[in-house]
There are 2 protein chains.
Amino acid sequence: MKVLITGIDGYSGWPLALHLLARGHAVVGVDNFVTRRRVREVGSWSATPIPSFARRQAAVREILGKEIGFHRGDLERYDFVRHVLATERPDAIVHLAEQRSAPYSMIDVHHAVRTQAGNLTGTLHLLYAMRESCPDAHLVKMGTMGEYGTPNVDIPEGFFEIDYRGRSDRLPFPRQAGSWYHWSKVFDSGDVMFASRIWKLKATDVMQGVLYGIRTPEITDPRLLTRFDFDETWGTALNRFIVQAVLGLPITPYGKGDQKRGFIALEDSMQSLRLAVENPPDHGEYRVFNQFDAAYTVNELADVTARIATERGLHPTIEHPPNPRIEAEQHYYAPIHDHLARLGYRRTRALPDVVREIFRDLTRYRRRLEARRHVVQPTVRWASGDNREELRSRRPAEAPPEPAPVAPPAPERTSA
Amino acid sequence: MKVLITGIDGYSGWPLALHLLARGHAVVGVDNFVTRRRVREVGSWSATPIPSFARRQAAVREILGKEIGFHRGDLERYDFVRHVLATERPDAIVHLAEQRSAPYSMIDVHHAVRTQAGNLTGTLHLLYAMRESCPDAHLVKMGTMGEYGTPNVDIPEGFFEIDYRGRSDRLPFPRQAGSWYHWSKVFDSGDVMFASRIWKLKATDVMQGVLYGIRTPEITDPRLLTRFDFDETWGTALNRFIVQAVLGLPITPYGKGDQKRGFIALEDSMQSLRLAVENPPDHGEYRVFNQFDAAYTVNELADVTARIATERGLHPTIEHPPNPRIEAEQHYYAPIHDHLARLGYRRTRALPDVVREIFRDLTRYRRRLEARRHVVQPTVRWASGDNREELRSRRPAEAPPEPAPVAPPAPERTSA
């Protein structure tokens, strides 16, 4: 199959490209490199050194003997989107090109608007261009388990049968997102569901849990590494915890730490997305996958991190700062996730193994963490309407060293 | 109270200003006059001649002896919104400044994006500016009954208690909108609910039925008339039917015509909005009103129109063109609407009486309808991704006469 990946330069876009190539698919990518710029905007960088996209393409050519097609551009420009889809006519589009950080969306009004209007515009442009140029293609759209919030009932996969006042219907499960970013994903879901209905497009909406991991089997060379973010806006809780342990900082679950979320390993997410691509729905079918393996509380992530840090001879401590977010800290959480298993999905990675792998890599890139140690602590508070001053003030008086130009490091083998 | 009305130049914004002034409230308005431009864009105009806003203000001064404050500007500019709210510090904000036409949003990709991104941006800007400048103000946000779609169960007012797999919760009722415009209202609802939660704002979300009517008791002079749209994109089904009858064209319910919707008279909508303004919720309370009186099918509207046209000596016919929309044409429809009644709301107008009133006014402005008789028939189809050509091609070869400059007509009394 020919698969178009929007956001191919990103954390999951890049390993997905490698995974699909390894399985014999043709891959074309789109990116505008905005995530690289936005991570610089908050004073951070990727823990792993990331080559330019041209060097990434060259590494794939050299190491895997494969070509990745690429279009540099912005999904907010409709002419660009239409040109790419009309030229490439892909069988599937995996749409990962969205602003993906909840705290980034909460910085201030402009970040909120840019996140919601930008994500919405890109998705609408893709839907219209699909209708025009490749109505038989299958859209695999990345959503998030965060769309559902934390209701006091089980969370079905997108739809549920209800009885209400003596009648029944199958309805979309209500969404209660917890940040402007998460709401933007809810909005996308509405638009994709509607476009599928009026234009008979094939669509899979992936309610993905939080990703964890730094390696996939196809990352066989440092030039093939994907990015790994650890600052408070772009890094997940687990990423920040491991970096805190490596740097000798306290591990900091926000608030009570009983907030529970679904998680999935990067490698298993790639398996899931490939299964979705290889098993498209029918025309006019809008299906939803709850894509995660297991639910953990933030405290459980902190404990796993501390345990493995201790194994490695570190002396981790755990502290609970006030929660900068506004969210339930103790709640019921039981999402259903059967749809992917029916397509043959099997979990392959265990959380502690992946955490060990992350520790190994981060220890290797420790100097890059040291140079940005100020970015891990929270400054973006949900209750505030403007966090720009806090973001600026956390920067050390002396600006951190600029990223050195990235030379391809010596070849290394992964343990995976 | 001091009430800020965004979209004060619009169909319901203007009579709301008159109504609130009559009840002793202070009124300040915001508008960018985009609806006037967009109605011209599709080749139409208001059936009623509408003076410039400055002349509207002068008429209010002369006839009612009251002042309306006004800020001309666009809610998509945050500096403008912040300036207005910081300067005016209103007690309540009635937010009507949104692109409000479903067919307009379905014209093509650009109209879709402009509708969704524009409506979303204006609402986010208001929420942030409220948080910053007037956190005690009460936001009354105009939504639509169309957010709910046509589920096979009763429609509660925003939230419902459900039992699901042995547990229960109170959740937002699922939304299934039927156009990009209707989805934009769903998105606004999500953002207002979330802002109310994180910033403790007071918010009322009005799921309004379709408005009908041309007069309110405060419209005591032709210079105080509100706009009345009748073209296929900006006019409602009822407006188009009455215009068709006046012009001797067939009345055209789309498809089977059993599509059922909630309706409310313009005058009773003003009463409802005033009741919402005068009875604010608590800080952090997000309440939803289903604001309509009665549900009618499109066929029932056509029948009422034909009956009253016949009373007036006309010879109406009814035809059923193919439905340009994609929607259920036969469905269950039973929304609950108790919240407003609890605040003292009482219906004052009956549909046939209002239809008679519209016939009277439209007969008076018949020449304005004749000059735009080509705009009533449907051209914007939901199944198409680009309806611009159809919109252009329906224009007569000879351009219709330009609107004459509107001189204040001789004073008239309304029958209301």
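A. Structural detail: the interface of chain B and chain A. If you look at the interface, chain B gives 42 residues, while chain A gives 42 residues. Put simply, the parts of the chain that give the side of chain B that touches chain A at least two residues each are α6 (109-133), β6 (159-164), β7 (167-172) and α7 (180-199) of chain B. Each residue belonging to the side of chain B that touches chain A can be placed in one class, and the counts come to 26 nonpolar, eight polar and eight charged.

B. Fine view of the nonpolar core. Core analysis: the biggest nonpolar cluster contains 232 residues, and V94, M130 and I242 of chain A together with V94 and I242 of chain B have the highest contact counts within it. When near neighbours in sequence (up to four residues on either side) are disregarded, I242 of chain B contacts T305, V355, I358, F359 and L362 of chain B.

C. Representation of the pairing of strand β1 (residues 2-6) of chain A in the model. All names here are of chain A. The element β1 is largely enclosed, with a buried count of four among its five residues. As defined by bridge partners, β1 adjoins strand β2 (residues 26-31) across five bridges and the pair is classed as parallel. Its bridge partner lying in β2, L4 is registered against V28. Regarding topology, helix α1 (residues 13-22) serves as the crossover connection from β1 to the parallel β2, and that connection is right-handed.

D. Geometry of the sheet that holds strand β1 (residues 2-6) of chain B. Residue and element names in this part refer to chain B. Judged by pairing direction, the sheet is parallel, and its seven strands sit side by side in the order β3-β2-β1-β4-β5-β8-β11 without closing on themselves. In this open sheet, the two strands that pair with only one neighbour each are β3 (69-72) and β11 (286-291). Within the sheet, the average angular offset between the axes of one strand and its neighbour, ignoring direction, is 20 degrees. Examined bridge by bridge, strand β5 (residues 138-144) and strand β8 (residues 202-208) share seven bridges and lie parallel to one another.

E. A look at the relation of the copies chain B and chain A. Aligned on chain A, chain B shows an RMSD of 0.0 Å; the corresponding rotation is 180 degrees and the shift along the axis is 0.0 Å. The two molecules are tied by a two-fold rotation axis, judged by turn and shift.

F. Broad picture of the environment of V27 of chain A. Residue and element names in this part refer to chain A. Within the secondary structure, V27 sits in strand β2. When the C-alpha atoms of V27 and L124 are compared, they prove to be 22 Å apart, with 97 residues separating the residues in sequence. Discounting chain neighbours no more than four positions away, the residues touching V27 are V3, I5, A17, L20, L21 and I68.

G. Examining the confidence of the model for chain A more closely. Residues and elements named next belong to chain A. In the predicted model, chain A carries a mean pLDDT of 94, and 95% of its residues have values of at least 70. Across residues 397-416, where pLDDT falls below 50, the model places 21 contacts with residues more than four positions away in sequence or in other chains. Confidence estimates for the predicted assembly give a pTM of 0.95 and an ipTM of 0.94.

H. Looking closely at the sheet that holds strand β10 (residues 260-265) of chain A. Residue and element names in this part refer to chain A. Spatially, three strands are ordered β9-β10-β12 in an open sheet, and the strand pairing comes out mixed. Only two strands of the sheet have a single neighbouring strand rather than two, namely β9 (210-212) and β12 (294-297). Looking at each pair of strands side by side, their axes are set apart by 50 degrees on average, direction ignored. Bridge count between β10 and β12: four bridges; the pairing is antiparallel. When the sheet's bridge partners are listed, K260 is paired in β12 with T297. This element, helix α9 (residues 266-278), spans β9 and β10 of the sheet and lies at about 75 degrees to β10.

Reading the values: the criteria
Residues numbered from 1 in each chain as written. Chains lettered and ligands numbered in written order. Predicted model: local features only at pLDDT ≥ 70, side-chain atom pairs only at ≥ 80, totals over all residues. Contact = placed C-beta atoms within 7 Å. Helix = DSSP H or I, 4+ residues; strand = E, 2+ residues; numbered from the N terminus. Nonpolar A, V, L, I, M, F, W, Y, C, P; charged D, E, K, R; others polar. Core = buried A, V, L, I, M, F, W, Y, C linked by C-beta atoms within 7 Å. Buried ≥ 20, exposed ≤ 12 C-beta atoms within 10 Å, placed from the backbone. Pairing = 2+ DSSP bridges. Right-handed = clockwise from strand over helix to strand, strands pointing away. Axes fitted to C-alpha atoms, helices over the stretch in contact; angles between N-to-C directions. Least-squares fit on C-alpha atoms with pLDDT ≥ 70 in both. pLDDT = per-residue confidence, 0-100.

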